[in-house]
Amino acid sequence: MWVAILTTSLMTGVFCAGFALVIDVVTEALSLWSVVALAFVSGFCGSLAAQVVLKR
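Residues numbered from 1 in each chain as written. Predicted model: local features only at pLDDT ≥ 70, side-chain atom pairs only at ≥ 80, totals over all residues. Heavy atoms only, no water.

What follows is about the overall build of the protein chain. From N to C terminus, the protein chain includes two helices and zero strands. For the protein chain, the C-alpha radius of gyration of 13 Å lies well beyond 10 Å, the compact-globule estimate for 56 residues. Taken over the C-alpha atoms alone, the protein chain extends approximately 40 × 15 × 15 Å along its principal axes. (Helix = DSSP H or I, 4+ residues; strand = E, 2+ residues; numbered from the N terminus. Rg over C-alpha atoms; globule rule 2.2 N^0.38 Å.)

With that out of the way, let us pick up helix 2 (residues 32–54). The end-to-end C-alpha distance of helix 2 is 33 Å, a good match for the 33 Å that 23 residues give at a rise of 1.5 Å each. Among all positions in helix 2, only Ser-42, Gly-46 and Ala-50 are buried. Contacts from the buried residues of helix 2 go to helix 1 (2–26). At the exit of helix 2 stands Lys-55, carrying a positive phi of roughly 55°. (Expected span 1.5 Å × (residues − 1). Buried < 20%, exposed > 50% of the residue type's maximum accessible area, 1.4 Å probe, protein only. Contact = heavy atoms within 4.5 Å.)

Remember, this is a structural readout, not a statement about activity or role.
Spelled out as structure tokens, the structure:
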């Protein structure tokens, strides 16, 4: 159980780190609320990606 939880968390973190690199490139042109929305999308998609990879 702990292995699955840690693996999902690790994969979500890696996805979000990569997404943050992309956001860093375009952040200069975005407002605060756009960055907040992108952070939400990052977490949501990261969790989804981890679940798909782990086939849960």
